[in-house]
Amino acid sequence: MTRWRPLPEVLPREARHLVEQLRALKDRTGLSLAELARRTAYSKSSWQRYLSGAKQPPRGAVQALCRVAGADQARLLALWDLADATWPHGVPVAAGPAGPVADAPPAGAEYRRWRAAALVSFGVIVVLLAGLLWMLPSGSG
């Protein structure tokens, strides 16, 4: 089970309860934040903000976590509705370092490495094809 940092004191009771339930659900899946990000449409850094209470999770993120965990969406969406009415909208919630206590690589680093490798590979293919086309004899005979 993940050791979570305490939630911000300014977080209303309803919002606190939602985040606690989301944390428990995430822990129940046994997934890391990176794996949770891969299985949902939300980034690792977004999940860190949602599960630290620094930012209100979108309704879709709650639904996505429920789907991944195989949990009842109705109960958590009802909690989300209650939290939405009390969440400090537009005001950043002060929190310590977000997410689990363990250190993690910067968010998006794996994606940036993959994208750079794909772009380099594409460039090499283009150069090779251009060289091949240049070396082929022309059809004028």
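What you see is a predicted model; the values in this text were computed from it and never measured.

Asker: Lay out the side chain of Asp-27 with the relevant residues and their values.
Answerer: Within the element layout of this structure, Asp-27 appears in helix 1 (residues 13-29). No salt bridge is formed by the buried Asp-27; its nearest oppositely charged neighbour, Lys-26, is found at 4.2 Å. Among the polar contacts listed, one links the side chain of Asp-27 to the side chain of Trp-4, at a separation of 3.0 Å.

Asker: An account of a nonpolar patch on the surface is requested, with residue identities and associated values reported.
Answerer: Together, Ile-125, Leu-129, Leu-132, Leu-133 and Leu-136 make up a nonpolar patch on the protein surface, roughly 510 Å² of accessible area in all. On the secondary structure map, Leu-136 appears in the segment after helix 6 (109-135). You can call Leu-136 partly exposed: its relative accessible area is 48%.

Asker: Mind laying out helix 1, listing which residues take part and the relevant values?
Answerer: The end-to-end C-alpha distance of helix 1, which contains 17 residues, comes to 25 Å, matching closely the 24 Å that a straight helix rising 1.5 Å per residue would cover. Looking only at helix 1, the buried set comprises Ala-15, Leu-18, Val-19, Leu-22, Arg-23, Leu-25, Lys-26 and Asp-27. Summarising the contacts, the buried residues of helix 1 are in contact with helix 2 (33-39), helix 3 (44-52), helix 4 (59-69) and helix 5 (73-86). Where helix 1 ends, the next residue or the one after it, Gly-30, has phi of about 75°, a positive value.

Asker: For the packing of aromatic side chains, give the residues involved together with the corresponding values.
Answerer: Counted under the stated rule, the structure contains three aromatic pairs. Their ring planes at 75° and their centres at 6.0 Å tell us that Tyr-42 and Trp-47 sit as a pair that is edge-to-face. Seen in terms of ring centroids, Tyr-42 and Tyr-50 are 6.2 Å apart; in terms of plane orientation they differ by 70°. Their pairing is edge-to-face. On the accessibility criterion, Tyr-50 (5% relative accessible area) is buried. Here the aromatic cluster, defined as three or more aromatic residues joined through ring pairs, consists of Tyr-42, Trp-47 and Tyr-50.

Asker: Help me get a handle on the pattern of salt bridges, residues and values and all.
Answerer: The tally for this structure, following the rule as stated, stands at four salt bridges. In this structure, Glu-35 and Arg-38 form a salt bridge, with 3.1 Å as the shortest nitrogen-oxygen distance. Placement of both Glu-35 and Arg-38 in helix 2 is noted, with a separation of three residues, approximately one turn of the helix. Connected through shared salt-bridge partners, Glu-35, Arg-38 and Arg-39 make up one network.

What counts as what
- Residues numbered from 1 in each chain as written.
- Predicted model: local features only at pLDDT ≥ 70, side-chain atom pairs only at ≥ 80, totals over all residues.
- Heavy atoms only, no water.
- Helix = DSSP H or I, 4+ residues; strand = E, 2+ residues; numbered from the N terminus.
- Buried < 20%, exposed > 50% of the residue type's maximum accessible area, 1.4 Å probe, protein only.
- Lys, Arg positive; Asp, Glu negative; His and termini not counted.
- Salt bridge = Lys/Arg side-chain N within 4 Å of Asp/Glu carboxyl O.
- Polar contact = N/O pair within 3.5 Å; in protein donor to acceptor, adjacent residues only side chain to side chain.
- Patch = residues over 30% accessible without salt bridge, like charges linked within 9 Å, V, L, I, M, F, W, Y side chains within 5 Å.
- Areas by Shrake-Rupley, 256 points an atom, 1.4 Å probe, with all protein chains shown as cover.
- Expected span 1.5 Å × (residues − 1).
- Contact = heavy atoms within 4.5 Å.
- Phe/Tyr/Trp six-rings, centres within 6.5 Å; stacked < 30°, edge-to-face > 60°.

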